[in-house]
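Chains, contacts and geometry: an overview
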Amino acid sequence: MKCANCGKEIKVGSVYCQYCGEEAMIVSDYNVLEDEVLQSLLEDDDAFARRQAALKRKQEELDSRNNTSQDEDEPKPTGNFFKDRIWNIKKNRIAFIIVCVALVVLIAAILFFTSYTFKMIQGGNLDSKGKYEDAIEVYNKAFDQKKDSVDARVALGKDYIILEKYDKAEEVLLEALSLDKESVEVYKALILLYSATNDSDKLQELEASAPNDTIRKLFDSTVVTAPKASVKGGKYKEDQTVTLTCDKGDTIYYSLDNTTPDKESGKLYSKPIKIENGETTLKAIAYNKDGEKSVVMTEKYQINYEAPDYPVVSPGSGHYDAPTTIRITTDLEGAKIYYTWDGSIPTPNSEQYYGPIDMPEGNNVLSVILVDKNGMSSNVFRANYEFTP
């Protein structure tokens with residue numbers, strides 16, 4: 001600081017000026033730069049305060065918005081469990097909607113797969129695979145669901161015809177006719193039934209009851225006739241050769257394993273069929289040039305081979321003193337004769353008879369069997385010859 005009297009610098013805290021001796025009058029140094037810096041600092045403090053105030057207002061505004069958004073996402077509790085815990089919470093609400101949609105789809109699927117419509121579709125698929133017994137079971141379930149169903153009755157009737165259960169077929173088809181007297185499909189099935197059973201009287205009655213020209217024309221169309229077998233089913237002792245016939249131009253498919261033949265699974269008939277030992281079920285079906293098929297023909301055969309009788313041996317047992325030839329004969333076509341002289345039982349590996357045998361000297365036993373064309377062997381025939389020349 002400076003003395004106010006002489007203007008010289010004096011020590012801070014001095015009472016008198018050491019230069020002029022006068023009482024020290026302190027005069028502060030005035031610096032314009034320092035004043036400007038001070039002013040700048042004051043202004044910076046004001047700016048800082050303003051910035052702080054602006055930031056505070058901005059934060060309050062953001063907090064206000066966040067609070068508003070939170071209030072919108074999480075409404076105030078209402079006391080209703082469904083609203084407070086599920087519907088008013090976004091993620092829970094989405095999950096609830098997804099579950100509801102899934103349940104609706106599941107219920108719809110269950111209703112469809114247990115419905116009458118689905119059972120009819122399922123039965124048709126089984127028919128296409130030749131599983132007629134299974135199809136009948138499904139059609140009966142469909143019938144139980146819809147008691148007045150004409151379609152279910154027609155489907156049942158057709159399968160019963162294929163399986164040759166003609167009485168049941170007629171029963172369900174006449175029920176269908178009573179429900180719908182103008183159903184073309186019912187009349188077609190009944191025509192097929194009476195054609196399969198060759199019941200011309202019922203076919204004529206059915207034609208007389210036709211309600212309109214459309215149905216009457218059905219009786220003018222060609223009905224594919226089932227094949228016929230040259231040998232009827234039954235019990236036989238020999239192999240049987242069966243010839244199948246049908247209307248000119250029709251094609252026949254058959255099976256020998258009790259399955260229902262068709263174009264895909266059956267054997268194309270081209271030559272007579274040999275039925276051999278055991279049980280055999282012959283089934284055959286005919287197709288016309290338009291692809292329409294007949295009902296299935298079925299014949300069951302039981303072939304039981306029997307052992308053939310002894311062959312005829314001449315001369316018989318006895319004492320001979322002159323050279324003699326032995327002849328063995330049979331009427332069985334294709335049969336073979338085998339013999340031994342050592343007392344053993346003949347087999348197909350033994351000596352085969354082709355012509356007269358010279359009687360050997362001494363006391364000998366001739367053993368003979370006959371094997372027919374089916375491989376069946378007769379009992380052993382024995383003759384004792386004593387030849388002493």
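Our subject is the structure listed above.
To start, this report covers the structure provided alongside it. (Residues numbered from 1 in each chain as written. Predicted model: local features only at pLDDT ≥ 70, side-chain atom pairs only at ≥ 80, totals over all residues. Heavy atoms only, no water.)

Bringing the nonpolar core into the picture now. Among the nonpolar cores identified, the biggest contains 35 residues, and Leu173, Val186, Tyr187, Leu190, Leu193, Leu206 and Phe219 are the most heavily contacted of them. Looking at this core, the elements with two or more residues in it are helix H4 (116–128), helix H5 (132–145), helix H6 (150–162), helix H7 (166–179) and helix H8 (184–196). What Leu173 contacts, discounting residues up to four positions off in sequence, is Arg153, Val154, Gly157, Ile161, Val186, Ala189, Leu190 and Leu193. (Core = buried A, V, L, I, M, F, W, Y, C linked by side-chain atoms within 4.5 Å. Buried < 20%, exposed > 50% of the residue type's maximum accessible area, 1.4 Å probe, protein only. Helix = DSSP H or I, 4+ residues; strand = E, 2+ residues; numbered from the N terminus. Contact = heavy atoms within 4.5 Å.)

So, on to the sheet that holds strand E13 (residues 318–320). Across the sheet, five strands lie side by side as E13-E19-E18-E15-E16; this open sheet has mixed pairing. Every other strand in the sheet has two partners, leaving E13 and strand E16 (351–352) as the edge strands with one partner each. (Pairing = 2+ DSSP bridges.)

Moving on, we come to the packing of H4 against H6. The contact between H4 and H6 brings their axes to 11 Å, and the two run at 20°. As judged from the angle between their axes, H4 and H6 are roughly parallel. For the pair H4 and H6, the sense of crossing is left-handed. Two secondary-structure elements touch here, H4 through Tyr116, Met120 and Asp127 and H6 through Asp151, Ala152 and Asp159. Broken down by class, the residue content of the contact of H4 with H6 amounts to three nonpolar, no polar and three charged. (Axes fitted to C-alpha atoms, helices over the stretch in contact; angles between N-to-C directions. Parallel < 35°, antiparallel > 145°, perpendicular 65-115°, else oblique. Left-handed = near helix turned anticlockwise from the far one by under 90°. Nonpolar A, V, L, I, M, F, W, Y, C, P; charged D, E, K, R; others polar.)

For H7, built from 14 residues, the straight-helix expectation of 20 Å at 1.5 Å per residue is met to within 8% by its first-to-last C-alpha distance of 20 Å. Those residues of H7 lying buried are Ala169, Glu170, Val172, Leu173, Ala176 and Leu177. (Expected span 1.5 Å × (residues − 1).)

The final tally for this structure, using the stated rule, is five aromatic pairs. Aromatic side chains Tyr253 and Tyr287 sit 5.7 Å apart centroid to centroid with 90° between the ring planes, which places their arrangement in the edge-to-face category. With Tyr253 in strand E7 (residues 251–255) and Tyr287 in strand E10 (residues 278–287), this residue pair connects regions lying 34 residues apart in the sequence. Using a relative accessible area of 15% as the deciding quantity, one classes Tyr253 as buried. Residue class for Tyr287 comes out buried when judged on its relative accessible area of 8%. Judged by centre distance (6.2 Å) and plane angle (55°), the ring pair of Trp341 and Tyr385 falls under tilted. Of this pair, Trp341 sits in the loop between strand E15 (336–340) and E16 while Tyr385 sits in strand E19 (residues 381–387); the two residues are 44 residues apart in sequence, bridging distant segments of the chain. Using a relative accessible area of 1% as the deciding quantity, one classes Tyr385 as buried. Through a chain of ring-to-ring contacts, the aromatic side chains of Tyr320, Trp341 and Tyr385 assemble into a single cluster. (Phe/Tyr/Trp six-rings, centres within 6.5 Å; stacked < 30°, edge-to-face > 60°.)

Within the fold, Asp148 resides in the loop between H5 and H6. Between the C-alpha atom of Asp148 and that of Leu179, which follows or precedes it by 31 residues, the distance is 7.2 Å. Sequence-distant contacts of Asp148, defined by excluding residues within four places in its chain, comprise Arg153 and Leu179.

So, on to a nonpolar patch on the surface. Taken together, the side chains of Trp87, Phe96, Ile97, Val101 and Val105 define a hydrophobic patch exposed on the protein surface, amounting to about 430 Å² of accessible area. In this structure, Val101 sits in helix H3 (residues 90–113). When its relative accessible area of 47% is taken as the criterion, Val101 is described as partly exposed. (Patch = residues over 30% accessible without salt bridge, like charges linked within 9 Å, V, L, I, M, F, W, Y side chains within 5 Å. Areas by Shrake-Rupley, 256 points an atom, 1.4 Å probe, with all protein chains shown as cover. Salt bridge = Lys/Arg side-chain N within 4 Å of Asp/Glu carboxyl O.)

Okay, the packing of H7 against H8 next. Each pair of packed helices gets described by two things: the angle between the helix axes and the distance between those axes. Running from amino to carboxyl end, H7 crosses H8 at an angle of 155°, the nearest separation of the two axes being 10 Å. By the angle class used here, H7 and H8 are roughly antiparallel. Here the hand of the crossing between H7 and H8 comes out left-handed. Along the contact surface, H7 presents Tyr166, Ala169, Glu170, Leu173, Leu174, Ala176 and Leu177, while H8 presents Val186, Tyr187, Ala189, Leu190, Leu193, Tyr194 and Ala196. For the contact of H7 with H8, the class distribution of residues is 13 nonpolar, no polar and one charged.

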